[in-house]
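Overview (structure and organization)
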Amino acid sequence: MRQIVLSSLFAVTAVASALAQPKIGSIVNTASYLTPPLDSKSNPIGNDVIAQGSIFIVFGTGMGPTTPTYPSGLPLPTSLPATNGTSISISAGGQKIAAYMFYTSALQVQAILPSNTPVGNASVTLTYNGQTSAAFTISVVESRVGIFTTNSQGYGTVAAQHGTDSTPVLLTKAAHPGETVVLYGTGLGPITGPDNVAPGSVQVGSDVVVTIAGQIVKPTYAGRVPQFAGEDQIDFVIPANVVTGCYVPVSVTASAQVSQDFVIPIAASGTDVCTHIFGLSASALATLDSGGTVNVGLFQILVAYVAALGGPVQGAGGLFDNANASAVYNLYNLIPVAYGAVSYPAPLNSCVVIDQVNTSGGFNLPPFNKIGGTELVADAETLFINGPSGANANILRQTTGGYVSAFIPPILGPGSWTISGMGGVDVGAFKATITLPDNLNWTNAGNFQSVPQADLTIAWSGGNSSANPVVTVFGNSTIVNPADPSMSRAKSFYCAAPASAGKLVVPASVRAQLPSAASGETSFGSLGIASGGFASFTAPLKKGTLDAGVIDYGEAYVLSVAY
């Protein structure tokens, strides 16, 4: 697991003056990269939060040598290199404490926050080559676990191992129901021994649970990795009846604080290859596992109802991409998941309640610039969408890549819709067709400006199709306590029902689990319904072949509410 830690140590290096004063930009958990939530003016609420005994990253400038520098081994030093090196001082609770150094460079430094650092606000300074930065304030908490992911950015597929042989969990060597899996992270909590040496097997954290596809699992071990300083591991058994797929959602909760969301590949019994939602073949998934790329085309048709905008938002967009494993996940997560085509896998006619930080709301343009990979251009300017009764519109190429347009006035409705292109420098002429159901209409949305404590009866019409005859009802309440981050808390619920039922009752026992804000706290809340579906298509490429072509639709109606 040493490689997993070191892989997240740096993203870039740069030339910086050895005499420049160091400057700290942010301090985050090295596994999760979580930053404070933002208010309505995009200002952070509270400070960066770091747990006692956890590994953290400092981003900034002028913080160390141009060439990345590592310690020779354990015990970890408090200065790196020893002469005129980088050191980090934490002032908290009337004490001054030195961090243990994992790594240093000009733009990024990694260290361990000692377990004996007092809880509460702390002032951090970084010194390099005799120059000391301005103070940077963080909030120290007992526990705030982050889990390592394969892209070393804190999201996407988890960097997990099979419990039987310690080999990596991959798309083509997925986990199985009933199997023990090992997760790695940092931030479960403090230890009583020194933090800069191999800790041995030390149980850490309070009330640690793993939530996987809505099921709560108690780990068989949650504590330090015996041979590595500051790193935690969580061993747990995957439930026998868990859903399968390449992107099964998981999180870890410790001391009432939830980690970031991430996913794990799980395959059905009898195969080691997970089933990918885009229909990628086993050979394509093997290419991704080996660090290679595949060609994917993804387009979405969206109907969103945002109460703050006073009506429906309709549009369509997408792109062709030559993508590695991380970019393929981003395609999935930033388009169909973000826009309602994929929902949390709640059992039909049932609800699940999970710890989940989710402070985002509303609908924005797809962030094509965050997907990664290399775009395959299908047209220099315009794609087209055509539907029943001659309805049509252009889908425009964006300066950041990809194609997207909002339809004003609205044109989308039930029936067969086709997105097409005449061909570009990378992609030939293509057509992608999907059938939209009757529009999903939340008929009693006006009842929930304030959410009652009783059963919530959610009623709708439409949304039923053979591609996906399910409507998901969902809600989230996130409470941020800027003065004491250990008091911040969040829960979400997801319920699934046949679209044809037209109604679902969220039990009061589910509603009651969502937290409400006390004085001085900031609340984010949402309540909504969603449905969606997928269809495949083919397209000729000027070079290579298309490994997967997917068109989907997503319909969502989301209210901003207070619980």
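Now for a quick tour of the structure. Keep in mind the model is a prediction, meaning the values are calculated, not measured. (Residues numbered from 1 in each chain as written. Predicted model: local features only at pLDDT ≥ 70, side-chain atom pairs only at ≥ 80, totals over all residues. Heavy atoms only, no water.)

Some points on the overall build of the protein chain
Each helix and strand in the protein chain was counted, giving four helices and 36 strands. Computed over the C-alpha atoms, the radius of gyration of the protein chain is 24 Å, within 12% of the 24 Å expected from 2.2 N^0.38 for a compact globule of 563 residues. Viewed in the frame of its principal axes, the protein chain has a C-alpha envelope of about 75 × 60 × 50 Å. The buried share of the protein chain, taken over its 563 residues, is 55%. Across the protein chain, the fraction of contacts at a sequence separation of at least 24, relative to all contacts at a separation of at least 6, is 70%. Carbon and sulfur atoms form 53% of the exposed surface of the protein chain, whose accessible area is close to 21900 Å². On the protein chain, the mean spot of the 17 positive side-chain charges and the mean spot of the 26 negative ones are 5 Å from each other. (Helix = DSSP H or I, 4+ residues; strand = E, 2+ residues; numbered from the N terminus. Rg over C-alpha atoms; globule rule 2.2 N^0.38 Å. Buried < 20%, exposed > 50% of the residue type's maximum accessible area, 1.4 Å probe, protein only. Contact = heavy atoms within 4.5 Å. Areas by Shrake-Rupley, 256 points an atom, 1.4 Å probe, with all protein chains shown as cover. Lys, Arg positive; Asp, Glu negative; His and termini not counted. Charge placed at Lys NZ, Arg CZ, Asp CG, Glu CD.)

Considering the packing of aromatic side chains
Counted according to the given criterion, the structure contains 15 aromatic pairs. Measuring from centroid to centroid gives 5.0 Å for Tyr70 and Tyr103, while their planes differ by 50 degrees, and the two rings are tilted. With Tyr70 in the loop between strand E3 (55-61) and strand E4 (86-92) and Tyr103 in strand E6 (residues 100-103), the pair connects residues that are 33 residues apart, well separated along the chain. Exposure remark for Tyr70: the relative accessible area of 37% places this residue in the partly exposed category. Its relative accessible area of 0% is what places Tyr103 among the buried residues. (Phe/Tyr/Trp six-rings, centres within 6.5 Å; stacked < 30°, edge-to-face > 60°.)

Some remarks on the pattern of salt bridges
Two side chains carrying opposite charge are able to pair once their charged atoms lie near each other. Taken as a whole and assessed by the stated rule, the structure comprises five salt bridges. Note that Arg224 is salt-bridged to Asp232, the shortest N-O span being 2.7 Å. When its relative accessible area of 1% is taken as the criterion, Arg224 is described as buried. Put simply, Arg397 and Glu375 hold a salt bridge, and the shortest N to O gap is 2.7 Å. Of this pair, Arg397 sits in strand E26 (residues 392-397) while Glu375 sits in strand E24 (residues 374-376); the two residues are 22 residues apart in sequence, bridging distant segments of the chain. (Salt bridge = Lys/Arg side-chain N within 4 Å of Asp/Glu carboxyl O.)

Considering the sheet that holds strand E31 (residues 456-461)
Spatial ordering of the open sheet is given by E30-E31-E34, a layout of three strands whose pairing is antiparallel. The open sheet is flanked by strand E30 (441-442) and strand E34 (503-506), the only strands paired with a single partner. One ladder, built from four bridges, connects E31 with E34; its direction is antiparallel. Each residue of the ladder has a partner; that of Ala459, found in E34, is Lys503. (Pairing = 2+ DSSP bridges.)

Topic: the side chain of Asp232
Its place among the elements puts Asp232 in strand E17 (residues 232-237). Engagement of the side chain of Asp232 in a polar contact is seen with the side chain of Arg224, the distance being 2.7 Å. Not counting the four nearest positions on each side in its chain, Asp232 is found in contact with Leu183, Tyr184, Gly185, Thr186, Gly187, Leu188, Gly223, Arg224 and Val225. (Polar contact = N/O pair within 3.5 Å; in protein donor to acceptor, adjacent residues only side chain to side chain.)

Some points on the sheet that holds E6
In space, the four strands of this open sheet follow the order E1-E3-E7-E6, with antiparallel pairing throughout. In this open sheet, the two strands that pair with only one neighbour each are strand E1 (23-29) and E6. Averaged over all adjacent pairs, the angle separating strand axes in this sheet is 30 degrees, with direction ignored. One ladder, built from six bridges, connects E1 with E3; its direction is antiparallel. The residue of E3 that forms the bridge with Lys23 is Thr61. (Axes fitted to C-alpha atoms, helices over the stretch in contact; angles between N-to-C directions.)

Points about the environment of Lys503
If you trace the backbone, Lys503 turns up in strand E34. Apart from residues lying up to four places away in sequence, Lys503 is in contact with Thr457, Ile458, Ala459 and Trp460.

A short note on the pairing of strand E35 (residues 522-536)
The sheet contact formed by strand E32 (residues 470-480) and E35 spans nine bridges and is antiparallel. Bridging across to E35, Thr472 finds its partner in Ala530. Examined bridge by bridge, E35 and strand E36 (residues 548-560) share eleven bridges and lie antiparallel to one another. Residue Gly532 lies in a different strand from E36, and its bridge partner there is Gly554.

Re the state of the cysteines
Per the stated rule, a full pass over the model turns up two disulfides. Covalent S-S linkage joins Cys246 and Cys274, the inter-sulfur distance amounting to 2.0 Å. Residues Cys246 and Cys274 are joined through a disulfide that is right-handed, its torsion about the S-S bond being 90 degrees. Here Cys246, found in strand E18 (residues 245-254), pairs with Cys274, found in the loop between strand E20 (262-266) and helix H2 (282-289); they are 28 residues apart in sequence, far enough to count as distant. Summarising the burial analysis for this pair, Cys246 and Cys274 share the class buried. Through a disulfide, Cys351 is tied to Cys495; the S-S separation comes to 2.0 Å. Its S-S torsion of approximately 105 degrees makes the covalent link between Cys351 and Cys495 right-handed. (Disulfide = S-S within 2.5 Å.)

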